[in-house]
Amino acid sequence: MAAQLLLMLAAALLSPILISPVAAQLHTDCSPLNETCPPDPAFGTEHTFIFNATPPAGVWNTTAGVVNFNADNGAAFTINKQGESPTLISNFYFFFGRTEVIMKAAPGTGVISSIVWSSDVLDEVDWEFKGGNTTHVFSNYFGKGQPDFKNGVDHPVKTPPQNDFHNYTCVWTKDKLEWYIDSEHVRTLVPKDANNTLNYPQTPMKLSLGIWAGGDPGQPKGTIEWAGGATDFSKPYSMFVKSARVEDFSTGKEYSYSDHSGSWESIKIASGNSTVLENINRPPEKSLSDKWNDLPAATKTGVYAGAAGVGALLVIALIFYYFKQRRRGKAEAAFAAQRQEQERMELERFKKEGRNPDALAFDGAEYDSKTGMATATYAVPDSPPGSSAGPPEKAWDPMGSGPGAAAMPLLRDEAMSPRHAGPAPGFPNPPSRNNSYASPIRSQSPGLPPQYPLPNPQSPVNRSFSPSNANAAPLRHGSPGPQAGGYGVPRMNSPAPGRGPGSPNYGPGSPNRGPGSPHSQRPGYGAYGGNGGYGGMR
């Protein structure tokens, strides 16, 4: 009695380590042991699934990762990182039957490749392959989800399951369950050996193919030890399945539970055709080439003719567009050449007239690019030299060129001519600027010719009051600067009111000029003894 108790205690302690954790991986959305559940779609037939291409829609469901399909190795189940466990699960159930899976297990410590049957009441039949074990494969079963460490058995193999494809087959009836490796029988389970039929798998099953990491650090310690150790996730691990043959020993449309016993006697089979069978037998969708090959010859001829007509129209349209663009380009080029010639002639005219085209006012017109006719005219005013918007003062000399040429700006900012003494006669007193007054004469309007003859640029006009009086005050170009006893830089300026050429008050000998003239001491008119604003040479 004591020995039996010790054996039971040891079994309880070893169960978490020795029992396959696949049972813990499975679940059911509805357990017929506790509630009434919807019926399961029956397979009701036999079929071999070749996984060299994606299987028919509605037959399999992929979870927990990606399954790739290729002609060489079939379905590839790959773990690329921690947490992945790609699995292919059937959308159909078989009630007693047979499966044959041609597969190659994945290598890697702690990596588990698996072939699993499972039911809604958690009956289960397994093939499991440990990536670190190259000499044995593992078979197991469960009934009603009840764990039992005695259910698992290791089976020797002739070649490593990670290197070669092998045929792993299970045949299941209500009387026995058998396991085969490459058609060699390796194990049999009968109901009486499974807790007196209570834990014998006996309810409709679905098929799952997949890979998972039993050595994941997140798994319980017992699971990691059972899987062979911790998994290294620095590299990928792949399991390959070439084909899976499924045979349902029952026929019908659906399987349902008539009670909560979970026995095979409680299973009811609904007659009719399986929806899964319809999906399997449904013709694959035709490719474009297949659809084209199925067309009648007359239809193909019509398609060819229509395509040729469309092509001809496109060619004509392109030719028309080409010539239209060419004509338009020629017209634009001619117009551009005309505009360029007009601008060249205008620039030549400015040079002949002694005008700076960058500083004077311009008149212009807008033209229509198609007709070449003017559509609008405009005038752009110039800016005074020396101003913020105009050219710098003396940037261009219309009276000559070279360093020896005299400078005569056409425009003069009044703020640049400081004056001394009084204002000009007849003008109100303007605000004083540096004890000087602005000239009463303003500059000519920009772009208009002067109203008086311009002096020779090589010989500035001598406007002193007495040319013969050489001992009088020195020649003064403009008004003297504010410094005592000295004269500023020689400057040019506009003549005073009524003092231009042709005026009786202009030049030497004028009654109002020179020492002793009646106006020689008038404020602002350049008496020799004062700081006059006018007089002298300008």
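Above this note sits the structure.
Remarks on the packing of aromatic side chains
Counted according to the given criterion, the structure contains 18 aromatic pairs. Aromatic side chains W117 and W172 sit 5.6 Å apart centroid to centroid with 50 degrees between the ring planes, which places their arrangement in the tilted category. Linking W117 in strand β8 (residues 111–118) with W172 in strand β12 (residues 166–172), this pair joins segments that are 55 residues apart in sequence. Side by side, W117 and W172 carry an identical accessibility label, which is buried. Ring-pair connections join several aromatic residues into one group, and the members of that group are F43, F49, F51, W60, F69 and F92. The side chain of K130 reaches across the aromatic face of F138, ending 5.5 Å from its centre.

Brief notes about the pattern of salt bridges
Tallied over the full model, the rule gives 11 salt bridges. In this structure, K192 engages D193 in a salt bridge whose closest nitrogen and oxygen atoms are separated by 3.4 Å. Among the residues examined, K192 registers a relative accessible area of 61% and is labelled exposed. One continuous salt-bridge network, built from bridges that share partners, spans E346, R349 and E353.

Structural notes on a nonpolar patch on the surface
On the surface, V315, I319, Y322 and F323 cluster together into a nonpolar patch covering about 390 Å² of accessible area. Along the chain, the position of Y322 falls in helix α6 (residues 297–353). Looking at Y322, the relative accessible area reads 47%, which means it is partly exposed.

Regarding the sheet that holds strand β17 (residues 254–257)
Read across the open sheet, the 3 strands follow the order β1-β17-β18; overall the sheet is antiparallel. Edge positions in the sheet fall to β1 (40–41) and β18 (267–270), since each of these pairs with one other strand and no more. Two strands pair when backbone bridges link them, and β17 and β18 are joined in this way by 4 bridges, in the antiparallel orientation. When the sheet's bridge partners are listed, S256 is paired in β18 with K268.

Definitions and cut-offs
Residues numbered from 1 in each chain as written. Predicted model: local features only at pLDDT ≥ 70, side-chain atom pairs only at ≥ 80, totals over all residues. Heavy atoms only, no water. Phe/Tyr/Trp six-rings, centres within 6.5 Å; stacked < 30°, edge-to-face > 60°. Helix = DSSP H or I, 4+ residues; strand = E, 2+ residues; numbered from the N terminus. Buried < 20%, exposed > 50% of the residue type's maximum accessible area, 1.4 Å probe, protein only. Lys NZ or Arg CZ within 6 Å of the ring centre and 35° of its normal. Salt bridge = Lys/Arg side-chain N within 4 Å of Asp/Glu carboxyl O. Patch = residues over 30% accessible without salt bridge, like charges linked within 9 Å, V, L, I, M, F, W, Y side chains within 5 Å. Areas by Shrake-Rupley, 256 points an atom, 1.4 Å probe, with all protein chains shown as cover. Pairing = 2+ DSSP bridges.

This is a description of form; function is not addressed.
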